[in-house]
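# Survey of secondary and tertiary structure
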Amino acid sequence: MTMEKNKTSIEKAAELLRKYNNFLIVTHENPDGDAFGSGFALLQYLRLAGKNVELLLPEQIPEKYSDFTPSGCLTYATGLDWANFDFIIYLDTPMPKRAALSDLNFKNIPLPSLNIDHHPDNIAYAQWNLLIPGAAATAEIIFMIFRAGAGAKITPEIASLLMLGIVMDTGGFRFDNTSPKVMRHAAELLELDADYHHVINEMFFSTPISQLQFQAELVSHHLKKACLGRLAWFYVPPGLVEKYDVNMRNTEGLIEALRAIRGAEIVVIMQNHEMGFKISMRSKNPEYSVGSIARKLNGGGHEMAAGGLIKTATLADAEKILISHVEGVFNAL
Ligand SMILES: [Mn+2]
């Protein structure tokens, strides 16, 4: 397979960061805490190493990350001049179509590239591909590269940003990807003076009241169950987001309310989409892969956390399709 051919090592990735001088960092659409944490950390580290570097982001940064956002992030892809860059780094992005490149065509980008990721379905699309599916977060891989010596030191600010990525992708060290290794790496980040309390406060203890009320209405009126309660989901009806004036981009923790339900093994948030219904799924049991469901439903992701799109006109059809796929996973054992 070609995928083996262009795989690279942590040492080689560190060497590439030392060698090139003008970096463009790109992460995935709808960036999450790991995309922001690893992107911001890499941005600040390369700046400290004296490099020119820009982080391309697809949208305004969600409120909860504003405290961690370094100055000078490039928020929109308009007016990118390739002459300003000699290297592009993709973070946490399993395939080009998920990259937050705005209207740029991936195939036309005239730069050597490095793809750093922990998604198991990464298709190794770059010139160099550092793919570690056993890592809990892309931020964990970035930490290993910095530790190997990539031209700067890991300041407390950079350690905090790496911690942010790790904390968000492990759900605060609660999810199944919480390995002994990631806990050791987190301990090293604490020793480097990562501000853990600030990260935890901003990520988990700063929910706006309107968002909790939005969640309460979902629990009271829009919580559905199937498969004897082993499948639970929220359908977010049109208008509810407006009623509470919440931004779905700020509700990363919403699915945790479903995950908390006793007996639920696969949990889903379903929302309207112009082509049907968008689903975000989590599994609480490593034997039940939501990644396998996502790959059949126009999506992808990790085995325990994945998303897709059900292309139907009606909610009832979308729910039928969801239930049949989840039953398939439950019955496969
Ligand atoms: Mn990630």
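Calculation rules
Residues numbered from 1 in each chain as written. Predicted model: local features only at pLDDT ≥ 70, side-chain atom pairs only at ≥ 80, totals over all residues. Helix = DSSP H or I, 4+ residues; strand = E, 2+ residues; numbered from the N terminus. Buried ≥ 20, exposed ≤ 12 C-beta atoms within 10 Å, placed from the backbone. Contact = placed C-beta atoms within 7 Å. Expected span 1.5 Å × (residues − 1). Pairing = 2+ DSSP bridges. Axes fitted to C-alpha atoms, helices over the stretch in contact; angles between N-to-C directions. Parallel < 35°, antiparallel > 145°, perpendicular 65-115°, else oblique. Nonpolar A, V, L, I, M, F, W, Y, C, P; charged D, E, K, R; others polar. Core = buried A, V, L, I, M, F, W, Y, C linked by C-beta atoms within 7 Å. Domains from an automatic or database assignment.

## Structural notes on the overall build of the protein
In terms of helices and strands, the protein carries 12 helices and 11 strands. If you line up the protein on its principal axes, its C-alpha atoms span 55 × 45 × 40 Å. Scored against the burial criterion, the 333 residues of the protein give a buried share of 41%. Within the protein, residue pairs in contact and separated by at least 24 positions form 68% of the contacts whose partners lie at least 6 positions apart.

## Quick word on helix α3 (residues 33-48)
With 16 residues, α3 extends 22 Å between its outermost C-alpha atoms, agreeing within 8% with the 22 Å of an ideal straight helix rising 1.5 Å per residue. Along α3, 14 of the 16 residues are buried, which leaves the element largely enclosed by surrounding structure.

## Quick look at the pairing of strand β3 (residues 87-91)
With 5 of its 5 residues buried, β3 lies for the most part within the structure. Side chains Phe-87, Ile-89 and Leu-91 of β3 all project onto a buried face; the interleaved residues Ile-88 and Tyr-90 project onto the opposite face, where all are buried too. As judged from the 4 bridges shared by strand β1 (residues 22-26) and β3, these two strands associate in the parallel manner. By the bridge assignment for β3, Leu-24 is matched with Ile-88. As paired elements, β3 and strand β4 (residues 113-117) share 4 bridges and run parallel to each other. When the sheet's bridge partners are listed, Tyr-90 is paired in β4 with Asn-115.

## Focus: the sheet that holds β1
One open sheet holds the 5 strands; their spatial order is β2-β1-β3-β4-β5, and the pairing between them is parallel. Two strands close off the open sheet at either side, each with one partner strand: β2 (52-56) and β5 (128-131). Averaged over all neighbouring strand pairs, the angle between strand axes comes to 15 degrees, with direction disregarded. Strands in contact with helix α4 (residues 138-147) are β3, β4 and β5; relative to β4, the strand with the most contacts, it is inclined by about 120 degrees.

## So, the packing of α3 against α4
Direction vectors running N to C along α3 and α4 enclose 20 degrees, while the axes themselves pass 8 Å from each other. On the basis of the axis angle, α3 is roughly parallel to α4. Across the interface between the two elements, Asp-34, Gly-37, Ser-38, Ala-41, Leu-42 and Tyr-45 from α3 touch Thr-138, Ala-139, Ile-142 and Phe-146 from α4. Split into classes, the residues belonging to the contact of α3 with α4 amount to 6 nonpolar, 3 polar and 1 charged.

## Things to note about the nonpolar core
By size, the foremost hydrophobic cluster in this structure holds 63 residues, and its most contacted members are Ile-25, Ile-89, Ile-142, Leu-162 and Met-163. Once you skip the residues sitting within four places of it in the chain, Ile-142 turns out to touch Ser-38, Ala-41, Leu-42, Ile-116 and Leu-162. Ranked by size, the runner-up nonpolar core spans 30 residues in total, among them Phe-234, Val-236, Ile-293 and Ala-305.

## A word on the sheet that holds strand β11 (residues 305-310)
With respect to topology, 6 strands assemble into an open sheet ordered β6-β7-β8-β9-β11-β10, the strand pairing being mixed. Two strands lie at the open edges of the sheet, namely β6 (223-226) and β10 (300-301), each paired on one side alone. Two strands pair when backbone bridges link them, and strand β9 (residues 276-283) and β11 are joined in this way by 6 bridges, in the antiparallel orientation. Bridge pairing in β11 places Ser-280 opposite Gly-307. Helix α12 (residues 315-331) contacts β6, β7 (231-236), β8 (266-273), β9 and β11 of the sheet and is inclined by roughly 30 degrees relative to β9.

## A short note on the domain arrangement of the protein
As far as domains go, the protein holds domain 1 (2-204) and domain 2 (209-331). Placing a centre on the C-alpha atoms of domain 1 and another on those of domain 2 gives a separation of 27 Å. The class makeup of the residues in the side of domain 1 that touches domain 2 is 4 nonpolar, 3 polar and 5 charged.

## Focus: the environment of Gly-291
One can find Gly-291 in helix α11 (residues 290-296). Using a count of 21 C-beta atoms within 10 Å as the deciding quantity, one classes Gly-291 as buried. Spatially, the C-alpha atoms of Gly-291 and Asn-30 are 18 Å apart, while their sequence positions differ by 261 residues. Leave out the neighbours within four places in its chain, and Gly-291 touches Gly-301, His-302, Glu-303 and Ala-306.

## Looking at unusual backbone geometry
Its identity as a non-glycine residue notwithstanding, Asn-30 has a phi of 45 degrees, on the positive side. In this model, Asp-92 sits at a positive phi of 60 degrees, which is unusual for a non-glycine residue. Relative to the assigned elements, Asp-92 resides in the loop between β3 and β4. Under the C-beta neighbour-count criterion, Asp-92 is labelled buried, with 30 such atoms within 10 Å.

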